[in-house]
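Chain residues, written in single-letter form:
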Amino acid sequence: MIAAYRPGTSIVHRLPAGAKIVGLAMAGTFLFFVANVASLVVCLLAVLALYPLAGLSLRDALATLRPLFVILVILVLAHAWLNGWEVASGSGLRLAALVLFAGIVTLTSSASAMMGAIETGLSPLGRLGVDVEKISLALSLALRFIPMIAAVGAEVREAQRARGLDTSLVALAVPLIVRTLKMGEEIADAIDARGFGTTRKDGPDRST
Amino acid sequence: MIRFSGVSHRFGEREVLTPFSLELAERRIAVIGANGSGKSTFARLINGLLMPSAGQVWVDDLDTKSNGKAVRGLVGFVFQNPDNQIVYPVVEEDIAFGLKNLKVEKGEIAGRVAASLARFGLSHLAKEQAHRLSGGEKQMLAIAGVTITQPRYIVFDEPTTLLDLRNKRLVARTIDRLDETAIVITHDLDLIADFDRVLVFEEGRIDFDGAPRDAIARYLELMA
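Residues numbered from 1 in each chain as written. Chains lettered and ligands numbered in written order. Predicted model: local features only at pLDDT ≥ 70, side-chain atom pairs only at ≥ 80, totals over all residues.

**A short note on the overall build of chain A**
In step 1: Scanning chain A from N- to C-terminus turns up nine helices and zero strands.
In step 2: Walking chain A from its N terminus toward its C terminus, one meets helices and strands in the order α-α-α-α-α-α-α-α-α.
In step 3: In terms of overall size, chain A is more extended than a compact globule, its C-alpha atoms giving a radius of gyration of 22 Å where 208 residues would be expected to give roughly 17 Å.
In step 4: If you line up chain A on its principal axes, its C-alpha atoms span 65 × 55 × 35 Å. (Helix = DSSP H or I, 4+ residues; strand = E, 2+ residues; numbered from the N terminus. Rg over C-alpha atoms; globule rule 2.2 N^0.38 Å.)

As structure tokens, then:
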């Protein structure tokens, strides 16, 4: 979802993000109840058929599955060992179909559309005192800053390699955490400056 | 007009701004000075990101201490590192952030975002991921995100520090063309040559206040 969105005008793109998220939840529930391997193959093919419908290629589908590949193999082998090949292949097909469906949702919905849908979905909680707008902003910030933190991590690693230091978790973690915290402070200031909420600095000066 | 009345500021025991009073009414105002001289603290006092330890800051007769929301509506703030002020992952979504905070209608948001993208030469990047933009494009996006809410004043905190010469010039031209009053904290002396007024900060006090040429001469003297 971080960098996945592909703008487009396909019928899948035009569907409301909320409908796609609800569809994903329903598909997940439905797949849970399908046990027959042949039926699961049909489900997987049906999900794959959505990719060209959304103007996406099968390469995009493979790219969606790639990060999951190791987990998928481990899951199938573990099930094969414990429950036999039929259960194993069913589990693998079910998970692959679900991830591919989730891929369709994120590839065809912009972050703001997703956030808007989540905000709408959570809006009843507002009556219980939950600040839905803040939850939505937090999700957006996560999407925005994960690549940035990854870039900072790469920068720190590069600087350490340049100084002859091999991979060290502590040596990486300390500067990364310090820089991330400093970045967090500036981001909080920027969010205030751009008019989100008014409570943080309306009180006494935080520095005194 | 922005007015400082007997303002000082401390971080714990350390006094970073000694008491001063000042009125800012010019269209282009620059603040220069050494690192740690109090420039950024001064900038943050203007839109209520920091409250003065003593005294009052007034923006168009609104006290920043008691009118935080209204003051932030009047004063936009562009930070040194645009990466730390771009909130949404996609360019057009980030520009819309300020308008959403003001609860502007969706239809109006779309129109104003399109106009802002065109104004800052970002239309071709509307759907682009913000983290993939160049430094200059990110700074343009940061300025677009701030100006879209139509503030009366914009504070720029070292807007050209992280940029190459071409992008520095682009930002300078952009600031020059803004309708809003600009208060620019900077080390970039070329940027402020045509400004109306320049303040030179030194060790937490205003050492000089006047025309760019004289202010730059004083700054160079201090830096010698």
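**Brief notes about the confidence of the model for chain B**
In step 1: Per-residue confidence for chain B gives a mean pLDDT of 91, with 100% of residues at or over 70.
In step 2: The complex prediction reports pTM at 0.74, with the ipTM value standing at 0.74. (pLDDT = per-residue confidence, 0-100.)

**Remarks on the sheet that holds strand 6 (residues 75-78) of chain B**
Residues and elements named next belong to chain B.
In step 1: Read across the open sheet, the six strands follow the order 6-7-8-3-9-10; overall the sheet is mixed. Every other strand in the sheet has two partners, leaving strand 6 and strand 10 (205-210) as the edge strands with one partner each. Direction aside, neighbouring strands of the sheet carry axes that sit 20° apart on average.
In step 2: As judged from the five bridges shared by strand 7 (residues 153-157) and strand 8 (residues 181-185), these two strands associate in the parallel manner. By the bridge assignment for strand 8, Tyr153 is matched with Thr181. (Pairing = 2+ DSSP bridges. Axes fitted to C-alpha atoms, helices over the stretch in contact; angles between N-to-C directions.)

**Describing the sheet that holds strand 4 (residues 54-59) of chain B**
Residue and element names in this part refer to chain B.
In step 1: Within the open sheet, the four strands sit side by side as 2-1-4-5. Their pairing is antiparallel. Of all strands in the sheet, those with a lone pairing partner are strand 2 (14-24) and strand 5 (62-63), marking the two edges.
In step 2: Looking at chain direction, strand 4 and strand 5 are connected through two bridges and run antiparallel. In the sheet register, Trp58 faces strand 5, and the bridge partner there is Asp63.
In step 3: Against the sheet, helix 1 (residues 39-46) contacts strand 1 (2-11), strand 2 and strand 4, and its axis sits at roughly 125° relative to strand 1. (Contact = placed C-beta atoms within 7 Å.)

**Focus on helix 6 (residues 165-177) of chain B**
All names here are of chain B.
In step 1: With 13 residues, helix 6 extends 18 Å from end C-alpha to end C-alpha; this agrees with the ideal 18 Å at 1.5 Å per step.
In step 2: For helix 6, the complete set of buried residues consists of Val171, Ala172 and Ile175. An end-on view of helix 6 places all buried positions within 100° of arc, on one side of the element. Opposite the buried face of helix 6, by more than 90 degrees, sit the exposed residues Arg166, Arg173, Asp176 and Arg177.
In step 3: On the buried face of helix 6, the contacting elements are helix 5 (135-147), strand 7 and strand 8. (Expected span 1.5 Å × (residues − 1). Buried ≥ 20, exposed ≤ 12 C-beta atoms within 10 Å, placed from the backbone. Arc of directions from axis to C-beta.)

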